[in-house]
Amino acid sequence: MPEMLSVKNLRIEVTARQTDGSATNLVLVDDVSFDVGKGRVLGLIGESGAGKSTIGLSALAYGRGGVRIESGQILLDGQDIARLGLRGIRAVRGARVAYVAQSAAAAFNPAHKLGRQVIEASIRHGIMTRAEATKRAAYLFGILGLPDPDTFGERFPHQVSGGQLQRAMTAMALCANPELIVFDEPTTALDVTTQIEVLAAIKHAIVETQTAALYITHDLAVVAQISDDIMVLRHGKTVEYGSTRQIIEAPRADYTRALVSIRQTTRQEARPSDDAQLRVDGMTAGYSAMDVLHDVSLVLPRGQTLAVVGESGSGKSTLARVITGLLPPKAGTVSFSGAALPPARKDRSREQLRRIQMIYQMADTAMNPRQKIRDIVGRPLTLYFGMRGTAKTERVKELLDQIEMGPQFLDRFPAELSGGQKQRVAIARALAAKPELILCDEPTSALDPLVAEGILKLLLRLQAETAVSYLFITHDIAIVRAIADRVAVMHRGKVVREGVKSAVLSPPFDDYTDLLLRSVPEMEIGWLERVLDGRRAVPQVPGAAIELERS
Amino acid sequence: MTLRSMPISARIGLAGILFVFACAIFAPIIAPYDESAIVGEVWAPMGGDFLLGTDNLGRDLLSRLIYGARATLFVALSATVISFSIGMFLSFTAVVSGGVVDQVLSRLNDLLMSVPALILALVVLAVLPQNIWILIVVMAVIDSTRVYRIGRAVALDVSVMDFVEAAWLRGEGKLWIIFREILPNTLAPLLGEFGLRFAFSILFLSTLSFLGLGIQPPIADWGGMVKDNKDGIIFGVSASLTPGAAIAFLVVCVNLVVDWLINTTSSLKGARDNA
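Residues numbered from 1 in each chain as written. Chains lettered and ligands numbered in written order. Predicted model: local features only at pLDDT ≥ 70, side-chain atom pairs only at ≥ 80, totals over all residues. Heavy atoms only, no water.

Under an unreviewed UniProt entry, chain A has the name Peptide/nickel transport system ATP-binding protein and belongs to Aminobacter aganoensis. Its UniProt record, at the heading Subcellular location (unreviewed entry), says of chain A: "Cell inner membrane". UniProt's Sequence similarities (unreviewed entry) comment on chain A is quoted here verbatim: "Belongs to the ABC transporter superfamily." (UniProt positions renumbered as here; feature names shortened; annotations may be inferred.)

So this is what it looks like as structure tokens:
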């Protein structure tokens, strides 16, 4: 069978210029070869910096920021597109190879209607007339499961939800009837319940149109649902390349085994206790006239972990803002160790502030880029305990030791650390205050799976050592299983289910928790079909699946 | 931030600024003639006794240029520095305090900005006594409204970052937030603005001098010299171009140094030397 895309010994380099004028060559992709046939999907998987996107873009003969294809061939239906001139490449892009980006919200022009953007490439390349393209777009909207396919194109990007936008972008890629589509993490920015819809739509569309596809993601469970073959990449090199079944069920390389076995840690929950560290009662809060939280009540026992689960827009982060006092509630109280906390941050004493610390989702923005690690971690020591000089330095070293980082990091700036190291420093800063409660706002969702697992293990170890309580905000059920003692499921500003983990995560479920749990991709081939069949059997939860908030 | 890591352009700029400073400090020694002495005929050509010729009253242009560096540098530079101090402090206070403080400061700023700068300066300077310090302060206050605008915009961007929120939650005071969290992260755009504002204040000073409210004759300043000699252009006399070139030289030098400062402060790894 002739391969649609055949990549042979691809090597991609970039030249980095140092400030002193010298140039060094970095190899981004090294000796990568693969084939994709018509109607087949190849999953490219790896952590950030593995070269997945670089390979994906090279299929469009494109390199970001001075990246160049050093050697190897990219054969599209037998033709080496890396050797084409500018004019030749232009004829290929959008017409024969199309690209679906991670953030559809950022990729669509907000000033134009969706339909016009979807058919633009087909008309520009002279493949179809406007009428034909519009007709095809409507057909594609239909197979992608978008509402009102005939008039969907009349909407503006801000008038549809994030999941719909991502499907519209898939329609845009498919419109010109390309031979190959590159999907670059199309579902990473979506909620699990939305992701499942988009995955199913993409899979269906690929089968219908018999296009070849490259599917780039960092989530092995997702790629297992959609692809025929999988290539695992690390540091620009192929770790393992084989059929999906072989990769998932019989991985050969150690790294692949680590990826497959991840997310399977669970932890025994602690015994329920009456000694409440944090208690939220009847909380209603929001911005101006709109209420984001409705009558929320939670209990977090001392030394335990309460996981707050929900999708974007469910009010989880607002809950953290209320507890920290950044957003005073309209009604309800927050009590800490039995005593009521003043609602606004300004009215809390420094001692009260010290006892609640926070870890943010984006460690990049949570640390002042102009302070050294020494100052970032050391500041709470000076502020709360009046430590200075050597005593302070010694304590900072101790804290760095606790987060498994050495004293060589003392004089570095945050920009010189990796994502996982930054999050560790953020944890050290929280620990420096000797808090009783740490609010963790999705601290691992921006990290690669293996790094995230390291952070979770660190948090668990620190809890065992210091008996700190965690309020852990997440959208990921696997994390809940790994760390929580108690769980609160939030949906549209309300707590729909709360209690000890074993009770919350076992049947009978309420409708929303059921949907949420069943939407989490599992490392199992055929899971997607099974879930979708199950969904069709059960009548849809009203308003839960597709019609979600915009991302 | 060492001399060795300086690129060649910044070294040229720094050398130029030091040269102008040297001229200003050692003016009586370097200058061949007194700045206000009439030593030759009107608009004498370059060469001979007068290296750069003479001005519209027959004073030696080179000597006036050298003496003029004093007033130009001193007044323009201190006015810019003061305007930045006022503008940045007030704008950061407005951002950090928010609410009523922000409203009052911002609306007062709008009020000042709504009066054309030159007219405001004319009115104020006409009422107040003629004094170089008053001149500097008036220029600084008028200019600080522009700095306030920019300072508030960049500080607002930084103040919503998570690390500022984290500092509030830690229980830090306003001064810490302003000087330790926000200021270091807004330096790059503000330094760029500084280079620009410095050039503007030289020009503004020359305008005021021309109207008789700036630097008082017979003390020389570069902007005033351009104005004094501008009629000479009609007769092909270059006397107004030389002080103009001096202004351009100084502004370019300042901006070369500022460009380098922006680079070092905006590159997060380069910041390790000056943090």
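Caption draft 1: Summary view of the overall build of chain B. When helices and strands are counted, chain B shows 10 helices and zero strands. Traced from its N-terminal end to its C-terminal end, chain B shows the element sequence α-α-α-α-α-α-α-α-α-α. Dimensions along the principal axes, computed over C-alpha positions, put chain B at roughly 70 × 50 × 30 Å. Sorting the 275 residues of chain B into buried and exposed places 48% on the buried side. For chain B, the exposed area adds up to about 12800 Å²; of that, 71% sits on carbon and sulfur atoms. Each charge sign in chain B was given a centre, from 17 positive and 20 negative side chains, and these centres are 7 Å apart. (Helix = DSSP H or I, 4+ residues; strand = E, 2+ residues; numbered from the N terminus. Buried < 20%, exposed > 50% of the residue type's maximum accessible area, 1.4 Å probe, protein only. Areas by Shrake-Rupley, 256 points an atom, 1.4 Å probe, with all protein chains shown as cover. Lys, Arg positive; Asp, Glu negative; His and termini not counted. Charge placed at Lys NZ, Arg CZ, Asp CG, Glu CD.)

Caption draft 2: Representation of the overall build of chain A within the structure. Assigned secondary structure in chain A consists of 21 helices and 20 strands. Along the first, second and third principal axes, the C-alpha set of chain A runs to 70 × 60 × 45 Å. By the burial criterion, 54% of the 551 residues in chain A qualify as buried. Within chain A, contacts between residues separated by at least 24 positions form 69% of all contacts whose residues are at least 6 apart in sequence. Carbon together with sulfur atoms contributes 50% to the accessible area of chain A, which is approximately 23000 Å² in total. (Contact = heavy atoms within 4.5 Å.)

Caption draft 3: View of the packing of helix α15 (residues 389-402) of chain A against helix α16 (residues 419-432) of chain A. Residues and elements named next belong to chain A. Relative orientation of the contacting elements α15 and α16 amounts to 130 degrees, with a least axis distance of 9 Å. In terms of orientation, α15 lies oblique with respect to α16. Considering the relative orientation of α15 and α16, their crossing is right-handed. Only A428, L431 and A432 of α16 make contact with α15, whose side of the interface consists of R395, L399 and Q402. Class assignment for the residues of the contact of α15 with α16 results in four nonpolar, one polar and one charged. (Axes fitted to C-alpha atoms, helices over the stretch in contact; angles between N-to-C directions. Parallel < 35°, antiparallel > 145°, perpendicular 65-115°, else oblique. Left-handed = near helix turned anticlockwise from the far one by under 90°. Nonpolar A, V, L, I, M, F, W, Y, C, P; charged D, E, K, R; others polar.)

Caption draft 4: Local environment of the pattern of salt bridges. Residues and elements named next belong to chain A. Per the stated rule, a full pass over the model turns up 40 salt bridges over all chains. Put simply, R424 and E404 hold a salt bridge, and the shortest N to O gap is 3.0 Å. One end of the pair, R424, is in helix α16; the other, E404, is in the loop between α15 and α16, and 20 residues separate them in sequence. A relative accessible area of 14% places R424 in the buried class. Two residues, R461 and E404, come together in a salt bridge whose shortest N-O distance is 2.3 Å. (Salt bridge = Lys/Arg side-chain N within 4 Å of Asp/Glu carboxyl O.)

Caption draft 5: Highlighting the sheet that holds strand β11 (residues 276-287) of chain A. With antiparallel pairing, four strands are arranged side by side in an open sheet as β12-β11-β14-β15 (chain A). Because the sheet does not close on itself, it has two edges, and the strands there are β12 (290-301) and β15 (339-340) of chain A. (Pairing = 2+ DSSP bridges.)

Caption draft 6: Fine view of the sheet that holds strand β9 (residues 229-234) of chain A. Residue and element names in this part refer to chain A. Taken in spatial order, the six strands line up as β6-β7-β8-β3-β9-β10 in an open sheet, and their pairing is mixed. Single-partner strands in this sheet number two, and they are β6 (97-100) and β10 (237-243). Across the sheet, the axes of successive neighbouring strands diverge by a mean angle of 15 degrees, strand direction being ignored. Inspection of the sheet shows β9 paired to β10 by six bridges, in the antiparallel sense. Bridging across to β10, D229 finds its partner in S243. Relative to the sheet, helix α6 (residues 162-175) contacts β6 and β7 (180-184), its axis offset from that of β6 by approximately 170 degrees. Where helix α7 (residues 192-209) meets the sheet, it contacts β3 (41-45), β7 and β8 (212-217), and its direction lies at approximately 160 degrees from that of β8.

Caption draft 7: Local environment of the UniProt feature "domain: ABC transporter" (unreviewed entry) in chain A. Those places that UniProt annotates as "domain: ABC transporter" (unreviewed entry) correspond, in this numbering, to residues 10-260 and 278-517 of chain A. In residues 278-517 of chain A, the share of helix is 40% and the share of strand is 26%. The end C-alpha atoms are 26 Å apart.

Caption draft 8: Broad picture of the interface of chain B and chain A. Between chain B and chain A, the residue contacts involve 23 residues of the former and 25 residues of the latter. Counting the surface lost from both chain B and chain A, the interface buries some 2400 Å², and carbon and sulfur atoms represent 54% of this. Applying the counting rule to chain B against chain A returns two salt bridges. Where E172(B) meets R379(A), a salt bridge forms, and the shortest distance between an N and an O atom there is 2.6 Å. Counting across the chain B and chain A interface gives 11 residue pairs in polar contact (both at pLDDT 80 or more). Element by element, the count of residues in the side of chain B that touches chain A is highest for helix α7 (residues 162-170) of chain B, at seven residues. Classifying every residue of the side of chain B that touches chain A gives 10 nonpolar, five polar and eight charged. (Buried area = accessible area lost by both parts, 1.4 Å probe. Polar contact = N/O pair within 3.5 Å; in protein donor to acceptor, adjacent residues only side chain to side chain.)

Caption draft 9: Here's a closer look at the pairing of β12(A). Residues and elements named next belong to chain A. With eight bridges connecting them, β11 and β12 associate as antiparallel partners. Paired with L278 across the two strands is L300, which belongs to β12. Once β11 ends, the chain turns through two residues before running back antiparallel as β12, passing S288 with a positive phi of about 40 degrees.

Caption draft 10: Molecular detail of the packing of aromatic side chains. Taken as a whole and judged by the stated rule, the model has six aromatic pairs over all chains. Over the ring of F385(A) we find K434(A); its NZ or CZ atom is 5.6 Å from the centre of that ring. (Phe/Tyr/Trp six-rings, centres within 6.5 Å; stacked < 30°, edge-to-face > 60°. Lys NZ or Arg CZ within 6 Å of the ring centre and 35° of its normal.)

Caption draft 11: Layout of the nonpolar core. Residue and element names in this part refer to chain A. Within the largest apolar cluster, 56 residues are counted, with the highest numbers of intra-cluster contacts made by F183, Y215 and L220. At eight residues, the largest contribution of residues to this core is made by α7. Apart from the residues lying within four places of it in its own chain, the contact partners of L220 are I45, I230, I248, L259, V260 and M523. (Core = buried A, V, L, I, M, F, W, Y, C linked by side-chain atoms within 4.5 Å.)

Caption draft 12: Just unusual backbone geometry, in detail. All names here are of chain A. In this structure, the amide linkage connecting P507 to the following residue, P508, adopts the cis form with an omega of 0 degrees. On the secondary structure map, P508 appears in the loop between α19 (501-504) and α20 (511-519). Phi is positive for H235, which is not a glycine, with a value near 50 degrees. Along the chain, the position of H235 falls in the loop between β9 and β10. For H235, a relative accessible area of 56% gives the class exposed. Here R492, not a glycine, exhibits a phi torsion of approximately 50 degrees, which is positive. Within the element layout of this structure, R492 appears in the loop between β19 (486-491) and β20 (494-500). Judged by relative accessible area, which is 47%, R492 ranks as partly exposed.

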